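Letter by letter, the chains look like this.
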Amino acid sequence: MAERLSTALLTREVISMPVSASRLLEFVRNITAPDPKVRESAADQVTDLVSVYSLADGRVLTGVLAAAAACESDPGALEAQLNAIIQLGSLAEPEMIETLRTIDVHEMPGDLGDYVTDILEG
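Residues numbered from 1 in each chain as written. Predicted model: local features only at pLDDT ≥ 70, side-chain atom pairs only at ≥ 80, totals over all residues. Heavy atoms only, no water.

A look at the overall build of the chain
The cut-off we apply is this: A helix here means a DSSP run of H or I that spans at least four residues, while a strand means a run of E at least two residues long, and both kinds are numbered starting from the N terminus. Residue exposure (1.4 Å probe, protein chains only): buried if accessible area is under 20% of the type maximum, exposed if over 50%, otherwise partly exposed. Two residues form a contact once any of their heavy atoms are found within 4.5 Å. Note that accessible areas follow from Shrake-Rupley with a 1.4 Å probe, and for residues the cover is restricted to the protein chains shown.
For the chain, the helix and strand inventory stands at six helices and zero strands. Reading the chain from its N end, one meets helices and strands in the order α-α-α-α-α-α. Classification of the 122 residues of the chain by burial places 33% in the buried group. The contacts of the chain with a sequence gap of at least 6 include a subset with a gap of at least 24, amounting to 66%. Accessible area of the chain: about 7,400 Å², with a carbon and sulfur share of 55%.

Quick notes on the confidence of the model for the chain
Counted only if it meets this: The pLDDT score gives, residue by residue, the confidence of the prediction method on a 0 to 100 scale.
Of the residues in the chain, 86% have a pLDDT of 70 or more, and the chain-wide mean is 86. When pLDDT is averaged over each element of the chain, helix 3 (residues 36-48) comes out on top at 97 and helix 1 (residues 2-16) at the bottom at 40.

Thoughts on helix 6 (residues 112-121)
Using the following cut-off: Relevant arc is that of directions from the helix axis to the C-beta atoms, nothing else.
Every buried residue of helix 6 is accounted for by Leu-112, Gly-113, Val-116 and Ile-119. Buried residues of helix 6, seen end-on, are gathered within an arc of 125 degrees and therefore sit on one face of the element. Along helix 6, the residues that are exposed and aim more than 90 degrees away from the buried face are Asp-118 and Glu-121. The inward-facing, buried residues of helix 6 contact helix 5 (75-88).

Regarding the environment of Ile-119
The topology assignment puts Ile-119 in helix 6. Those residues within four positions of Ile-119 in sequence are excluded, and the remaining contacts are Leu-82, Ile-85, Ile-86, Ile-97 and Leu-100.

A short note on a negative patch on the surface
For clarity, the threshold we go by: Note that patches include only residues with greater than 30% relative accessible area and no salt bridge, and the join distances are 9 Å for like charges and 5 Å for nonpolar side chains (Val, Leu, Ile, Met, Phe, Trp, Tyr). Note on definitions: salt bridges are taken to be side-chain nitrogens of Lys or Arg within 4 Å of carboxyl oxygens of Asp or Glu. In this tally Asp and Glu are treated as negative and Lys and Arg as positive; neither His nor the chain ends contributes. Every charge is mapped to an atom, namely NZ of Lys, CZ of Arg, CG of Asp or CD of Glu.
Together, Asp-44, Asp-48, Glu-79, Asp-111, Asp-114, Asp-118 and Glu-121 make up a region of like negative charge exposed at the surface. Sorting the residues of the negative patch by element identifies helix 3 and helix 6 as the ones contributing at least two each. Top element by residues in the negative patch is helix 6. It accounts for three residues. Structurally, Asp-111 can be placed in the loop between helix 5 and helix 6.

What about the layout of surface pockets?
To be explicit about the condition: Of the grid points, spaced at 1 Å and generated over the protein atoms alone, those admitting a 1.4 Å probe that cannot get out make up cavities, while open sets with protein on both sides within 12 Å along at least five of seven lines make up pockets; any residue with an atom within 4 Å of a point is treated as lining. Grid points are joined across faces, edges and corners, and a volume is the space filled by probe spheres set on the points. Ten residues, namely Ala, Val, Leu, Ile, Met, Phe, Trp, Tyr, Cys and Pro, are considered nonpolar, four, namely Asp, Glu, Lys and Arg, are considered charged, and the remaining ones, Gly among them, are considered polar.
Roughly 180 Å³ of volume is contained in the largest pocket. For the lining of the largest pocket, the secondary structure elements donating two or more residues are helix 5 and helix 6. By residue class, the composition of the lining of the largest pocket is six nonpolar, three polar and two charged.

With respect to the side chain of Thr-62
Examined against the element boundaries, Thr-62 turns out to sit in helix 4 (residues 55-71). On the basis of relative accessibility, which here comes to 0%, the residue Thr-62 falls in the buried class. Setting aside residues no more than four positions away along its own chain, Thr-62 makes contact with Ile-85, Leu-88, Ala-92, Met-96 and Ile-97.

Considering the nonpolar core
Operational definition: We call a set of buried residues a nonpolar core when its members are Ala, Val, Leu, Ile, Met, Phe, Trp, Tyr or Cys and they connect through side-chain atoms within 4.5 Å of each other.
Residues Ile-31, Val-46, Leu-82 and Leu-100 are the most contacted members of the largest nonpolar core, which totals 29 residues. Counting residues per element, the ones that place at least two in this core are helix 2 (21-31), helix 3, helix 4, helix 5 and helix 6. Setting aside chain neighbours within four positions, we find Ile-31 in contact with Arg-39, Ala-42, Val-46, Leu-61, Val-64, Leu-65, Ala-68 and Gln-81.

Here is the structure:
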């Protein structure tokens, strides 16, 4: 019981710690990686920590994700990037997502065009 409590407290402490500069750069590298599976995973990982980003970190990540989404060719990675942008929404200013306006939402697979529209109108 004490071991579980200790693990839970350690986990809570780790979660509440700010994101390090090296971790932020790792996200940026992976969001822009050549492999679409790495890009998708990185965007998913960004959403896992959304509650601990500073305003500046959130803005950096939102800008990088928006630029990546505007160039993305893989539907899975694109969906993860757009979802991450939605999750980071309160940390971004409209200028951070303006690059999404270059996307033709009518040519996007499934509901992804709706994601972009929701982000831009949000």
